[in-house]
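Chains, contacts and geometry: an overview
Given next are the chains, with one letter for each unit.
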Amino acid sequence: MKIKAFFATCHATIKKFFVNLWPNIKNLKTKRGFNSILASLFSIIIGILVGLILMLIIKPKDAFYGLSMMMSGGLSSVSNIFQVLYTTAPLMMTGLAVGFAFKTGLFNIGAAGQYTVGAFCAIFGAIILKMPWYVDILLAALGGAVWGAIPGIFKALRNVNEVITSIMFNWIGLFLVDLIIANTPKMLSTFYGGADQSRTVDPVAVNLSSKLPSLGMERLSPYMNVGIFIAIFLAIVMYIVLSKTTFGYELKACGYNKESSKYAGINAKRNIILSMSISGALAGIGGALTYLAGTSTMQVTKSISPIGFNGIPVALLGTSNPIGIIFSALFIAYIQIGGNAMQPEFATEVIDIVISVIIYLSAFSLVFKQLIDRYLLDRKHKKDARDLLNGPTANGTPPEPVEAEIVKEGAPK
Amino acid sequence: MNIFGDLLSSMIVFAVPLILVALGAMFSERSGTINIALEGIMIIGGLVASLIFKFLTVQSGPLMGTPIWGLPSQLCVLIGIIGAAIAGGIYSFFLAFASIRLKADQTIGGTALNIMAPALAIVITWAIQGQGQTAIYTPSWVPLATAPMDANFFERVFLKSSYLTTPICVLVIVASWVIIYKTKFGLRLRSCGENPAAADSVGINVYKMRYTGVMISGALAGIGGIAFTLAAGSGFASTVAGYGFLALAVMIFGNWQPLKIVLAALLFAFFKSLSGMASSIPFLPSFEGVKESLYIYLMIPYIVTMIILALTSKKSRAPKAEGIPYDKSSR
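From a predicted model like this one, the values you see are computed outputs, not experimental measurements. (Residues numbered from 1 in each chain as written. Chains lettered and ligands numbered in written order. Predicted model: local features only at pLDDT ≥ 70, side-chain atom pairs only at ≥ 80, totals over all residues.)

**Some remarks on the overall build of chain A**
To keep it simple, the criterion reads: Elements are defined by DSSP. Helices are runs of H or I of four residues or more, strands are runs of E of two residues or more, and each kind is numbered from the N terminus. Using C-beta atoms placed from the backbone, we call a residue buried if 20 or more other C-beta atoms fall within 10 Å of its own, exposed if 12 or fewer do, and partly exposed for counts in between. Residue pairs are scored as contacts if the distance between their C-beta atoms, which are placed from the backbone, is within 7 Å.
Across its full length, chain A holds 18 helices and zero strands. Burial statistics for chain A: of 413 residues in total, 48% are counted as buried. Residue pairs in contact within chain A that sit at least 24 positions apart in sequence constitute 74% of those at least 6 positions apart.

**Quick notes on the overall build of chain B**
What chain B contains, in helices and strands, is 12 helices and zero strands. Restricting to contacts in chain B with at least 6 residues of sequence separation, those with at least 24 account for 78%.

**So, the interface of chain A and chain B**
Operational definition: Each residue receives one of three labels: charged for Asp, Glu, Lys and Arg, nonpolar for Ala, Val, Leu, Ile, Met, Phe, Trp, Tyr, Cys and Pro, and polar for the others, Gly being one of them.
In this assembly, 39 residues from chain A lie in contact with 40 residues from chain B. Here the element with the most residues in the side of chain A that touches chain B is helix H8 (residues 162–182) of chain A; it accounts for 12 residues. Considering only residue class, the side of chain A that touches chain B consists of 29 nonpolar, six polar and four charged.

**Overview of the packing of helix H11 (residues 246–256) of chain A against helix H13 (residues 268–291) of chain A**
Residues and elements named next belong to chain A. For the record, the criterion: Between N-to-C directions, angles span 0 to 180 degrees; the directions come from axes that are lines fitted to C-alpha atoms, helices contributing only their stretch in contact. Throughout, the term roughly parallel applies to angles under 35 degrees, roughly antiparallel to angles over 145, roughly perpendicular to angles from 65 to 115, and oblique to all others.
H13 packs onto H11 with a crossing angle of 105° between their chain directions and a minimal axis gap of 10 Å. Classed by the angle they form, the pair H11 and H13 counts as roughly perpendicular. In this structure, H11 uses Glu250, Leu251 and Cys254 to contact H13, whose residues at the interface are Ala268, Asn271, Ile272 and Ser275. Partitioning the contact of H11 with H13 into residue classes produces four nonpolar, two polar and one charged.

**Side note on helix H14 (residues 306–317) of chain A**
Our working definition: Take the number of residues in a helix, subtract one, and multiply by 1.5 Å to get its expected span.
With 12 residues, H14 of chain A ought to run about 16 Å at 1.5 Å a step, and its terminal C-alpha atoms sit 17 Å apart, in line with that. A large share of H14 of chain A lies buried, amounting to 11 of its 12 residues. Turning to H14 of chain A, its buried residues are Ile307, Gly308, Phe309, Asn310, Gly311, Ile312, Pro313, Val314, Ala315, Leu316 and Leu317 of chain A. Buried residues along H14 of chain A sit in contact with helix H5 (78–103), helix H6 (111–127), H13, helix H15 (322–342) and helix H16 (349–362) of chain A together with helix H4 (106–129) of chain B. The first or second residue beyond H14 of chain A is threonine 319 of chain A, which carries a positive phi of 45°.

**Considering the environment of threonine 57 of chain B**
Residues and elements named next belong to chain B. Residue placement: threonine 57 occurs in the loop between helix H2 (38–55) and helix H3 (73–101). For threonine 57, a count of 21 C-beta atoms within 10 Å puts it in the buried group. Along the chain, threonine 57 and glycine 222 lie 165 residues apart, while their C-alpha atoms are 21 Å from each other.

**With respect to the packing of H2 of chain B against helix H9 (residues 206–232) of chain B**
Residues and elements named next belong to chain B. Applied cut-off: The sense of a crossing depends on the near helix, which, turned anticlockwise from the far helix by less than a right angle, makes the crossing left-handed and, turned clockwise, makes it right-handed.
Packing of H2 against H9 brings their axes to within 7 Å, and their N-to-C directions diverge by 65°. Crossing geometry of H2 relative to H9 is assigned as right-handed. Only Gly218, Ala221, Gly222, Ile223, Gly224, Gly225, Ile226, Phe228 and Thr229 of H9 make contact with H2, whose side of the interface consists of Leu38, Ile41, Met42, Ile43, Ile44, Gly45, Gly46, Ala49 and Ser50. Of the residues belonging to the contact of H2 with H9, the class tally is 10 nonpolar, eight polar and no charged.

**A word on the nonpolar core**
Going by this rule: A set of buried Ala, Val, Leu, Ile, Met, Phe, Trp, Tyr and Cys residues, joined to one another through C-beta atoms within 7 Å, is what we call a nonpolar core. What marks off one domain from the next here is an automatic or database domain assignment.
Formed by 221 residues in total, the largest nonpolar core has its most connected members in Leu18, Ala22 and Val250 of chain B. Examining the composition of this core, we find that 15 residues originate from one element, helix H1 (residues 2–30) of chain B, more than from any other. A domain split of this core shows at least three residues from each of domain 2 (33–59 + 348–392 + 399–408) and domain 3 (80–345) of chain A. Residues in contact with valine 250 of chain B, not counting those within four places in the same chain, are Leu18, Ala22, Ile261, Ala264, Ala265 and Phe268 of chain B.

**A word on unusual backbone geometry**
Backbone geometry at threonine 319 of chain A places phi at a positive 45°, although glycine is not the residue there. Residue position: threonine 319 of chain A is located in the loop between H14 and H15. Exposure remark for threonine 319 of chain A: the 20 C-beta atoms within 10 Å place this residue in the buried category. The backbone of tryptophan 256 of chain B shows a phi angle near 60°, a positive value even though the residue is not glycine. By the secondary structure assignment, tryptophan 256 of chain B is in the loop between helix H10 (243–253) and helix H11 (258–277). Overall, tryptophan 256 of chain B belongs to the buried group, with 21 C-beta atoms counted inside 10 Å.

**Things to note about the environment of serine 189 of chain A**
Residues and elements named next belong to chain A. Mapping serine 189 onto the fold places it in the loop between H8 and helix H9 (203–206). Here the alpha-carbon distance between serine 189 and threonine 297, two residues 108 residues apart in the chain, equals 9.2 Å. With near-sequence residues (within four places) excluded, serine 189 lies in contact with Gly194, Asp196, Arg199, Thr200, Val201 and Thr297.

**Topic: the confidence of the model for chain A**
Residues and elements named next belong to chain A. Put simply, the test is: The predictor attaches a confidence to each residue, and that confidence, scored 0 to 100, is pLDDT.
Overall, the predicted model of chain A reaches an average pLDDT of 82, with 87% of residues at or above 70. Put simply, helix H18 (residues 400–410) is where chain A has its lowest mean pLDDT, 45, and H6 is where it has its highest, 93. Every residue in residues 401–413 is under pLDDT 50, and counting partners more than four places away or in other chains gives five contacts.

**Re the environment of threonine 166 of chain B**
All names here are of chain B. Mapping threonine 166 onto the fold places it in helix H6 (residues 165–182). Threonine 166 gets classed as partly exposed once you count the C-beta atoms within 10 Å, which come to 18. Separated by 151 residues in the primary sequence, threonine 166 and alanine 15 place their C-alpha atoms 9.3 Å from one another. Leave out the neighbours within four places in its chain, and threonine 166 touches Ile12 and Val16.

**Notes on H6 of chain A**
Counted at 1.5 Å a residue, the expected span for H6 of chain A with its 17 residues is 24 Å, and the 24 Å between its end C-alpha atoms agrees. Burial of H6 of chain A is extensive: 17 of the 17 residues sit out of reach of the surface.

**Focus on the confidence of the model for chain B**
All names here are of chain B. The share of residues in chain B with pLDDT of 70 or more is 89%, and the mean pLDDT across the chain is 83. At the level of individual helices and strands, chain B shows its lowest average pLDDT in helix H5 (residues 153–159), which scores 66, and its highest in H2, which scores 91. Taken over the whole predicted complex, pTM reads 0.82, whereas the ipTM for its chain interfaces reads 0.83.

What follows is the structure, given as structure tokens:
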């Protein structure tokens, strides 16, 4: 029943979207969304400029080569294009995880741990349980959800700040996964004659049904699979859940004000645990999308996965909006692949600096938005003033009176 | 008995960065700003101090590996630590500016600084040392003292891996307690984190207080960064392995109070060093039949922290106004 209603909402939303598409584009300039996109673009341009200046300082000779690699590396070959898409999918998932939690007033810094546990569950399902890929993804979602639910439970029942619990469970999850992998010899590559003791075997090599479908495009690149479409689909689902359903509204209400949503009859404790579980499930699926592609294997390591932490900038750049996160994940993956192409002239870390400047400037976005608003408003007022002074029919006369007025005001000096 | 000496020594060396950074975080949060950029600030502090150590070391000739101009070695260490504090303070200014002046979301500025610091560190180290040379090694003159081979218990605790950061840490603990609870400044700082509008109404400059709070935290995190680099032993490698976030957790664990923070950090460091030495302590279970039982010990500090937090959290009380940018016009 509930599912039926959900699909009806989806249908209505999509229909409304297409019906209003053209009027929306026509009114774009006056919309609030337009301003935030403009502000984001502004931040991106400044970020890239900072990257260029940095490269000019380090190696002036190669700086412009580095810049062109950064900007075009992701498109320079077919294989790079698919690599961008492959890198995007898990980033988008961890970005969605962090962004979803942000929307519901929680800071899920534990996406890294949920990603790791999810990845482990997917690999375990593929290698040991011999399950096909879709079951592995569900297992990953389950693992991530459990790992996300724990900080939620601590927060809801014991009032422990979710930031600290998430950090602790990042490490606990990492070491737990390491411990289990080390004690499950069938998962290690050495069991199958591999040399590297600290890596799992490629799940796809052991169980072909666990490989994400490549839609017949495998000939183009081994990186091509349905992962990116799954990620985009889930982003759209999250968008609909958050902005078109009562459930999403309740979750957001708890984020805005826990006390007043309690007063309105919303079960805040249940919602905190649910938000964290959903967030964790999203991050867990990200782990599955990385390792079921048949292009990388999991490493037994003592450091936390960077993909989980990169979900934070993805979510921030996309202003926690699921649709925005689709684009911000694509952008960050694109620029990261561009960064790989910059080597060996420049360290890939230049890209991280560019990204951090962009994120930092997005903190200024409020100021940018106000500036743009003021500029647009200013123009509108000037135009109105002109029309008033010159009469509605005077479209050929220059707007001198207004200008003169302004000059006069500024004159006494 | 020797093994306990080693255990305590390792505990102190790991507790020092945690204490310094967690106390820094406390200053920031007590003034009302969540400083999530500690991890990044630590890296910047570690980088600057390591570079200072490097430049203060003779690179060639018969005196190779000693401080230049025959300077006393601990003076050089002090210069490095001061450099780290200044660098951390300056770096944290960016967070303060975004979150206080521009009233931006405090996690955004902090995250940006966290991403930038390790990248900047790698780019700068490469630019100075040449491509791919990612580590800056700590010169041999940095330790405060060395323990003899047949050291007794006390020599092991206080001489083995002792650095100038340890006495500085003790000073910082005392100073923090005095400043927070016994001075006018501390009272004002706390009032800005609890009720900035009320503080403003009696003439306290909330913005100035918050800037001060964040920059003190930056300076302490900078010192914590070099303390971590020294504790890690092998030199600076553009990372502090999550210690900045851990310090944040320790601060919440310590309930935003200096002495409780010190206890929390010591407890965490104890279990941490226990996990490092588990194999050489006879009475600890060795988990026969479990491969890589090291990972069990690595998990223990985090699990212990979680259990204690769950038991004590009902009493936990954050500064009321933390994380909320203060807007004078909304008073």
